[in-house]
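So you can see what is in the structure, the chains are spelled out below.
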Amino acid sequence: MSVSLPDEFLARMKGLLKTDYESFLLSYEHSKYVGIRINTLKVDVETFKEISPFELKPIPWCPSGFYVHEADKPGKHPYYHAGLYYIQEPSAMAPAEALGVQPGDKVLDLCAAPGGKSTQIAAKLQGQGMLVSNDIHSERTKALAKNIELYGVRNAIVLNESPADLRQAFPNFFTKIMIDAPCSGEGMFRKDEGMSAEWKADWRSKYSGMQKEILVQAVEMLAESGTIVYSTCTFAPEENEAIMAWFLSQHPEFSVVPLPANQGFAAGRPEWLDECDNVSHEGQIAESIRSQLVNCGRLWPHLIEGEGHFLTILQRNRSNQSSGSEIDAPITGEEEITVYKNKHSQHPQHKGKKQDKSKTGAILQESDVLALWQHFVSENLLSQPQGNPILFGGHVYMSPLLQVKLNGLRTIRPGWYVGTVHHGRFSPGHPLATALRCDEVVRYVELSFNNQEVISYLKGETLTISQERIVCNNNSAPKGYVLVTINGFSLGFGKWLDGMLKNEYPAGWRWT
């Protein structure tokens, strides 16, 4: 066996799977599967197929997902740096797909880091509605924010909060909630052998308590007729069918929606409830609940090309609570400018910076910062970015929420980060560039695959670019900020002057 598995885990799986156990065991002889998911915020699937440098094999449960060969090193291609795809374990694409997100939904990704499911949800939203991506671990929110920015998401907010505090801020608000719950991780042993070495049998009971608490908080944030998808990457029924049985007994207004047929999902296993330590046997579980559990889904490594996953679609059928608040109004981009004064919030790259000074040393007023932003828009963009402008010190964000809804919350990003004022001038942020298209900017330049200039740009080097290569959409002068692209897809900004393109690609993002 290529993966060393705990003896106690093997004995448990043998007892549960019985005649399927040998096939299950043999799956660990196979190497892990690698997948990419096309970012349809930037490119449609058919177009990517035409330009793909990789051999692609469709993933059954995700129309935008494809198996690729690990030897192709998809993380080392310029298209990855352009945010055209997300590298993701194939089974992990199933839960967000099952959530059924539509443009205009208000979605909460409750346990979001590092951002795979959030970027998948954002692509489904297509810039409409809003996404709140939250993770309770502050260190993990750094990767979460970076991934959301790389993939050009304009309508997302990144928080670092407990579900309990979120519940108070967003009662009955979200139409869809994604809960990729913390779990014992048994389904990831082939992908990450370190998890197998650290695993302990008592994790099943440890995590089941957390999972129940998260579900309790999530229900109070869900709007009437809303949907929750609950998922784990473990095989343990204590964290899967038993949690769902408990939830349905506590919340009869919910029902389990069957998963799509012919996509590789095996049925839930209600018969395994009798094997669970966290299920009370003093009272019988209602047959109406047991019968629903077969509509839960399992992805088994011996039945599909991917790792182990469990997921359930929970639909709220009725509720005595109603959604609705002042933030239900659509954001038009014409709202009154608000100033972000959340004492918990910070821009990770500019911690603690509250104000900006001009070259003369005078402190800039809020109106000055906004005027500088608007001046940048007039000179470099063809339209006003949508959203509610929020200021934090010299930093400007375009947010899908009004500022008042974020007060008191630990906020990593209150919206789309568009830039900052430094030394009396507005400097655009890299996340502004990654979300823009060629037809939204005054100037852009196309880099070539045929020489090393695209790699040079990604390494942060200055490029020699002739004036003829600068495309100006409104017949303006080529001097100024230029959107740098590859095959028409944005990589970042540069500043062009007299044949030289000064590189604005951030140091922390550079090709290594």
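Counting restarts for each chain, with residues numbered from 1 along the sequence as it is written. Reporting of local features is limited, given that this is a predicted model, to residues whose pLDDT is at least 70; pairs of side-chain atoms are given and counted only at 80 or more, and all residues count toward the totals for whole chains, interfaces and linings. Side-chain metrics rest on all non-hydrogen atoms present in the structure, leaving aside hydrogens and water.

With an unreviewed UniProt entry as reference, the protein is termed NOL1/NOP2/sun family putative RNA methylase, source organism Paenibacillus turicensis. Heading Sequence similarities (unreviewed entry) of the UniProt record for the protein holds this comment: "Belongs to the class I-like SAM-binding methyltransferase superfamily. RsmB/NOP family." UniProt positions are given in the numbering used here, feature names are shortened, and annotations may be inferred rather than shown by experiment.

Asks: Explain the environment of E241 to me, please; I cannot follow it from the model alone.
Replies: Structurally, E241 is set in helix α11 (residues 241-250). With 52 residues separating them along the chain, E241 and L293 place their C-alpha atoms 6.5 Å apart. Other than its neighbours up to four places away in sequence, E241 contacts G268, R269, P270, L273, L293, R298 and F310. Numbering of helices and strands runs from the N terminus, with a helix taken as a DSSP run of H or I at least four residues long and a strand as a DSSP run of E at least two residues long. Pairs of residues are marked as contacts when any of their non-hydrogen atoms sit within 4.5 Å.

Asks: Quick question: what am I supposed to make of the pairing of strand β19 (residues 425-428) here?
Replies: On a regular strand, each side chain points to the face opposite its neighbour's, so the side chains alternate between the two faces of the sheet. What you see with β19 is a clean split: F426 and P428 sit on the buried side and R425 and S427 on the side with no burial. Strands qualify as paired when DSSP identifies two bridges or more between them. Judged from the 4 bridges that link them, strand β18 (residues 416-422) and β19 form a sheet pairing that is antiparallel. Residue pairing across strands places G419 opposite P428, the latter belonging to β19. Relative accessibility under 20% of the residue-type maximum defines a buried residue, over 50% an exposed one, and the middle range a partly exposed one, all with a 1.4 Å probe and only protein chains included.

Asks: Sorry, what's going on with the pattern of salt bridges here?
Replies: It is possible for side chains bearing opposite charge to pair when their charged atoms get close. Any carboxyl oxygen of Asp or Glu that lies within 4 Å of a side-chain nitrogen of Lys or Arg is treated as forming a salt bridge with it. Summed over the entire model, instances satisfying the criterion amount to 20 salt bridges. The salt bridge involving E440 is made with R154; its shortest N-O contact spans 2.7 Å. One end of the pair, E440, is in the loop between α14 (430-435) and β20 (443-447); the other, R154, is in the loop between α7 (140-150) and β7 (156-159), and 286 residues separate them in sequence. Linking E440 and R437 is a salt bridge whose minimum nitrogen-to-oxygen distance equals 3.7 Å. Classification of R437 as partly exposed rests on a relative accessible area of 44%. Ionic contacts of the salt-bridge type, sharing partners, join the residues R154, R437, D439 and E440 into one network.

Asks: Is there a simple way to explain the sheet that holds β20 in this structure?
Replies: Hydrogen bonds along the backbone pair up the strands of a sheet, which may run parallel or antiparallel. Within the open sheet, the 6 strands sit side by side as β21-β25-β24-β23-β20-β22. Their pairing is mixed. The strands lining the two open edges of the sheet, one partner per strand, are β21 (463-464) and β22 (471-472). Across 4 bridges, strand β24 (residues 489-497) lies against strand β25 (residues 500-503) in antiparallel orientation. When the bridges of β25 are listed, K495 appears paired with K502.

Asks: What is the right way to read the sheet that holds strand β2 (residues 57-59) from this model?
Replies: Taken in spatial order, the 4 strands of this open sheet run β2-β3-β1-β4, and their pairing is antiparallel. The sheet is open, and its two borders are formed by β2 and β4 (85-87), each paired with just one other strand. Across this sheet, the average inter-strand angle for adjacent strands is 35°, counted without regard to direction. Of the pairings in the sheet, the one linking β2 to strand β3 (residues 62-68) comprises 3 bridges and is antiparallel in character. By the bridge assignment, I59 is partnered in β3 with C62. Docked against the sheet, helix α6 (residues 116-125) engages β1 (34-38), β3 and β4, running at close to 30° with respect to β1. Axes here mean lines fitted to C-alpha atoms, for a helix over just the part in contact, with angles spanning 0 to 180 degrees between N-to-C directions.

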